[in-house]
Amino acid sequence: MTSFGSPPPNTTSPSPSPSPSPPTTKKQKPNPESNHNGSTAPAASSFPSSCGTLGRHLARRLAQIGVRDVFSVPGDFNLTLLDHLIAEPELNLVGCCNELNAGYAADGYARANGVGACVVTFTVGGLSVLNAIAGAYSENLPVICVVGGPNSNDYGTNRILHHTIGLPDFSQELQCFQTITCAQAVVNNLEDAHELIDTAISTALKESKPVYISISCNLPGIPHPTFAREPVPYFLAPKFSNQLGLEAAVEATAEFLNKAVKPVLVAGPKLRVAKAQKAFVELADACGYPIAVMPSAKGLVPEHHPHFIGTYWGAVSTSYCGEIVESADAYVFVGPIFNDYSSVGYSLLIKKEKSVIVQPKRVTIGNGPSLGWVFMADFLTALAKKLKKNTTAYENYRRIFVPPGIALKRENNEPLRVNILFKYIQELLGGDTAVIAETGDSWFNCQKLRLPENCGYEFQMQYGSIGWSVGATLGYAQAAKDKRVIACIGDGSFQVTAQDISTMIRCGQRSIIFLINNGGYTIEVEIHDGPYNVIKNWDYTGLVNAIHNGEGKCWTAKVCTEEQLAEAISTATGAHKDSLCFIEVLVHKDDTSKELLEWGSRVCSANSRPPNPQ
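Residues numbered from 1 in each chain as written. Predicted model: local features only at pLDDT ≥ 70, side-chain atom pairs only at ≥ 80, totals over all residues. Heavy atoms only, no water.

K.L.:
So what exactly am I meant to see when it comes to the overall build of the chain here?
P.N.:
The helix and strand inventory of the chain stands at 20 helices and 19 strands. A buried classification covers 56% of the 614 residues belonging to the chain. The contacts of the chain with a sequence gap of at least 6 include a subset with a gap of at least 24, amounting to 78%. (Helix = DSSP H or I, 4+ residues; strand = E, 2+ residues; numbered from the N terminus. Buried < 20%, exposed > 50% of the residue type's maximum accessible area, 1.4 Å probe, protein only. Contact = heavy atoms within 4.5 Å.)

In structure tokens form, the structure reads like this:
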């Protein structure tokens, strides 16, 4: 039996209620309770004063599923709804500087908390948050995106409203969200509001994807009998593997792997959505194979495991990891995503006939059988009992492994190098920290960090939206208050979303942000250079000081040598350990990781392939 979120403190365990129906979008229609002239909403006196309201129901539902912070930007269509969210004692409304950052914050919050939520206004807000919701969809994150919609009386009329593109059709926003959410609900009628809201939220939890809920601006405060009682907490029926399929998949996989001489185990990013991390470790303990992670799975597998060998990323893998994986005669990829980025421009030396591909609901063995409705966690747990222990590949890894060399000697006051910066970041990490890596060279440098037990790690590889990390840091830190977030952000990315440093200060967060100032979009430079990759340099510490403006706890430093860096980190972890610490690190524009240089050239080659002859 699986349940989601936490019931209210004074609530007993819920009785099972029927599973929600499939996601539905109701046709937009005028409110039947409105007066004939369409100008007024139903009077509150139509229903007993003891009836609950839509606004309170939504607030209680969010609290029930475990949301404690809702990221929002006010607009005239959502103001009444925000009043109801504020009135809920278990919710904290976090006002963001813009909708894009509110969506990124809900994304980061969902990574740490399991589910996130944001509230924006109609169309101008909805289309602004769209990019962040698309990113959450790509990463399988349940984010409840709520939009304050037009007055219910305006649906089905020929009226033109503000915040629209000037047409009486209000569906543009809905159409945009249909491709990047797993369910959509347009709530413009109190009669079916309860059903639509509950179906959308439960679908987000079941599918682990974002959903879109539009709520007419005149409905949140009107009592209605369907909201008369406290919402009954969700009961989402557990899913079970096809037992015959599971047995067949385990038998075929065990036969395949037990014949191999040097098999390896590789974790992919879909481990998270399948909730199979624990089962993966069970399998790793049982089989003795070396464990690698795909880059976007970093943080999902314990790196203190005795058989962990690093990141498998083709030509830019962790030292000696790529050689072990690609020379194996069998490899198990658990929850992989093979795209042009993770495959380094389609250059992985992996053969299908040697692979077992385990997806959340399907297992494919080499060129042989492919079995569906076999759930990843069930499969890994069952397979662990059938595999013979085989440590050959791990012993090969230990045989060829050479520890990292000693850093080059430096002169006093020598300009700071990026590899020195990350040596210091490595020393900061512990079980009470989490790393957020922005798109760019931070991807590659952060991959080299060895994560201690319980150290969090997040980055957005599939969608790769620059600027994501500022909002994600805000959201993650708000959810994981027991961890100090260490964010590594390039100057180009920071310029996209810098404003919500303001919100971090207002929330009293104590993250450490390393702003790596190398004068441009370095990741784009290594793929294809041009004058468009050079950006206007800012006084970044001056900007953050201006945002701070003497309110709240914030400390900044600008460093360009190792001595200055060491002193700044000492202050950030000492005198200002309870402050938001912003450290601008000035480095040479060409000081990039060798992995980015290799990766960039291969991705450039993939991007520039000529058209196939017609």
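K.L.:
It is not clear to me how the packing of helix H1 (residues 54-64) against helix H6 (residues 193-207) should be interpreted in this structure. Could you clarify?
P.N.:
Each pair of packed helices can be summarised by the angle the axes make with each other and by the distance between the axes. For the pair H1 and H6, the least separation of the axes is 11 Å and the interaxial angle reads 20°. Considering their axes alone, H1 and H6 lie roughly parallel with respect to each other. The handedness of the crossing between H1 and H6 is right-handed. Touching Leu54, His57, Leu58 and Arg61 of H1 are Ala193, His194, Ile197, Asp198 and Ile201, all from H6. Taken together, the residues of the contact of H1 with H6 break down into 5 nonpolar, 2 polar and 2 charged. (Axes fitted to C-alpha atoms, helices over the stretch in contact; angles between N-to-C directions. Parallel < 35°, antiparallel > 145°, perpendicular 65-115°, else oblique. Left-handed = near helix turned anticlockwise from the far one by under 90°. Nonpolar A, V, L, I, M, F, W, Y, C, P; charged D, E, K, R; others polar.)

K.L.:
What's the story with the sheet that holds strand E5 (residues 184-187) in this structure? I'm lost.
P.N.:
To summarise the sheet geometry, strands pair through backbone hydrogen bonds and adopt either a parallel or an antiparallel arrangement. The parallel open sheet is built from 6 strands, whose spatial order is E2-E1-E3-E4-E6-E5. At either end of the open sheet lies a strand with only one pairing partner, and these are strand E2 (92-95) and E5. Mean inter-strand twist for the sheet, computed between neighbouring axes without regard to direction, equals 20°. Most of the contacts of helix H14 (residues 468-479) go to strand E1 (residues 69-72), to which it runs at about 160°, and overall it touches E1 and E2. (Pairing = 2+ DSSP bridges.)

K.L.:
Which parts of the structure should I look at to understand the confidence of the model for the chain?
P.N.:
Segments scoring low in pLDDT should not have their predicted coordinates read at a detailed level. With 88% of its residues at a pLDDT of 70 or more, the chain shows a mean pLDDT of 88. In the model, residues 1-49 has pLDDT below 50 throughout and makes 91 contacts with residues more than four positions away in sequence or in other chains. (pLDDT = per-residue confidence, 0-100.)

K.L.:
Looking at this model, I keep getting lost on the pairing of strand E4 (residues 143-149). Mind explaining?
P.N.:
Along any regular strand, the residues point their side chains to alternate faces of the sheet. Most of E4 is tucked away: 7 of the 7 residues are buried. By the alternation rule, side chains of E4 split into Val143, Cys145, Val147 and Gly149 and Ile144, Val146 and Gly148, which are all buried. Alignment of strand E3 (residues 116-121) against E4, held across 6 bridges, turns out to be parallel. Paired with Thr121 across the strands is Gly148, a residue of E4. Strand direction decides the pairing type here: E4 and strand E6 (residues 211-216), joined by 6 bridges, are parallel. Bridge assignment links Gly148 to a residue of E6, and that residue is Ile215.

K.L.:
Just checking my understanding: could you explain the sheet that holds strand E13 (residues 370-372) for this structure?
P.N.:
Read across the open sheet, the 7 strands follow the order E9-E8-E7-E10-E11-E12-E13; overall the sheet is mixed. Unpaired on one side and paired on the other, strand E9 (308-311) and E13 mark the two borders of the sheet. Averaged over all neighbouring strand pairs, the angle between strand axes comes to 15°, with direction disregarded. The strands touched by helix H7 (residues 243-258) within the sheet are strand E10 (331-334), strand E11 (355-359), strand E12 (362-365) and E13, with E12 carrying the most contacts at an inclination of about 35°. Along the sheet face, helix H10 (residues 376-384) touches E10, E11 and E12 and points at about 135° away from the line of E11.

K.L.:
Just to check I follow, could you spell out the UniProt feature "binding site: Mg(2+)" (unreviewed entry) in the chain for this structure?
P.N.:
Using the residue numbers shown here, the UniProt feature "binding site: Mg(2+)" (unreviewed entry) corresponds to Asp491, Asn518 and Gly520. Residue placement: Asp491 occurs in helix H15 (residues 491-497). By the element assignment, Asn518 lies in the loop between strand E17 (512-517) and helix H17 (522-527). Setting aside chain neighbours within four positions, we find Asn518 in contact with Asp491, Val587, His588 and Lys589. (UniProt positions renumbered as here; feature names shortened; annotations may be inferred.)

K.L.:
Please clarify how the nonpolar core should be interpreted in this entry.
P.N.:
Looking at soluble globular proteins, one finds that nonpolar side chains tend to be buried together. Phe71, Phe422, Phe494, Phe514 and Ile583 are the most contacted members of the largest nonpolar core, which totals 97 residues. Beyond its immediate sequence surroundings of up to four residues, Ile583 is in contact with Ile512, Ile513, Phe514, Leu515, Trp555, Ala557, Val559, Ala568, Ile569 and Ala572. Residues Ala267, Val293, Leu383 and Ala384 belong to the second largest nonpolar core, which totals 38 residues. (Core = buried A, V, L, I, M, F, W, Y, C linked by side-chain atoms within 4.5 Å.)

K.L.:
Please clarify how the pairing of E1 should be interpreted in this entry.
P.N.:
Taking every second residue as pointing to the same face, both faces of E1 are buried, with Asp69 and Phe71 on one and Val70 and Ser72 on the other. Both E1 and E2 contribute to a ladder of 4 bridges, which runs parallel. Paired with Asp69 across the bridge in E2 is Asn92. Assessed by its sense of winding, the connection that carries the chain from E1 through helix H2 (residues 79-87) to E2 is right-handed. Relative to E3, E1 is paired through 2 bridges, and the arrangement is parallel. Bridging across to E3, Ser72 finds its partner in Val119. (Right-handed = clockwise from strand over helix to strand, strands pointing away.)

K.L.:
Is there a simple way to explain the environment of Asn78 in this structure?
P.N.:
Note on placement: Asn78 falls in the loop between E1 and H2. For Asn78, a relative accessible area of 0% gives the class buried. C-alpha of Asn78 to C-alpha of Cys217: the two residues are 139 residues apart in sequence and 6.0 Å apart in space. Here Asn78 is in contact with Val73, Val119, Val120, Thr121 and Gly148, once residues within four sequence places are set aside.

K.L.:
What should I look at first to understand the pattern of salt bridges in this one?
P.N.:
Charged atoms that come close allow side chains of opposite charge to pair. Tallied over the entire structure, the rule returns 16 salt bridges. Ionic pairing is found between Glu230 and Arg56, a salt bridge with its closest N-O pair at 3.4 Å. Of this pair, Glu230 sits in the loop between E6 and H7 while Arg56 sits in helix H1, placing them 174 residues apart in sequence. Measuring nitrogen to oxygen at the nearest pair gives 2.7 Å for the salt bridge that ties Arg159 to Asp154. Given the relative accessible area of 12%, Asp154 is considered buried. Overlapping salt bridges bring together Arg56, Arg60, Arg68, Glu88, Glu90 and Glu230 as one network. (Salt bridge = Lys/Arg side-chain N within 4 Å of Asp/Glu carboxyl O.)

K.L.:
Whenever I open this one, helix H11 (residues 392-400) confuses me. Can you help?
P.N.:
Every α-helix winds through 3.6 residues per turn, so residues three or four apart in the chain are directed the same way. All of the buried residues along H11 are Ala393, Tyr394 and Tyr397. Considered in projection along H11, the buried side chains sweep an arc of 100° and stay on one side of the axis. The secondary structure elements touched by the buried residues of H11 are strand E7 (264-267), E9 and helix H9 (321-326). (Arc of directions from axis to C-beta.)

K.L.:
Before we go on, may I ask you to explain the side chain of Asn189 in this structure?
P.N.:
Within the fold, Asn189 resides in the loop between E5 and H6. Note on Asn189: relative accessible area 5%, which makes it buried. At 2.8 Å, the side chain of Asn189 forms a polar contact with the backbone nitrogen of Glu191. (Polar contact = N/O pair within 3.5 Å; in protein donor to acceptor, adjacent residues only side chain to side chain.)

K.L.:
Looking at this structure, how should I read the packing of aromatic side chains?
P.N.:
Across all of its chains, the model carries 20 aromatic pairs by this definition. Considering the side-chain rings of Phe122 and Phe170, the 6.4 Å spacing of their centres and the 80° angle between planes classify their relative orientation as edge-to-face. A residue pair is termed long-range when its members are at least 10 positions apart, and Phe122 in the loop between E3 and helix H4 (126-138) and Phe170 in the loop between E4 and helix H5 (172-178) qualify at 48 residues. This pair shows no difference in class: Phe122 is buried, exactly as Phe170 is. Here Trp373 and Phe375 contribute two aromatic rings whose centre-to-centre distance is 4.9 Å and whose plane-to-plane angle is 70°, an arrangement assigned as edge-to-face. Classification of Trp373 as partly exposed rests on a relative accessible area of 42%. According to the relative accessible area criterion, Phe375 is buried, its value standing at 13%. Through successive ring pairs, a cluster of aromatic residues spans Trp313, Tyr341, Trp443, Phe444, Tyr457 and Phe459. Directly above the aromatic system of Tyr137 lies the positively charged group of Lys209, at a separation of 3.9 Å from the ring centroid. The ring of Tyr457 has Lys298 sitting right over it, with the charged end atom 5.5 Å from the ring centre. (Phe/Tyr/Trp six-rings, centres within 6.5 Å; stacked < 30°, edge-to-face > 60°. Lys NZ or Arg CZ within 6 Å of the ring centre and 35° of its normal.)

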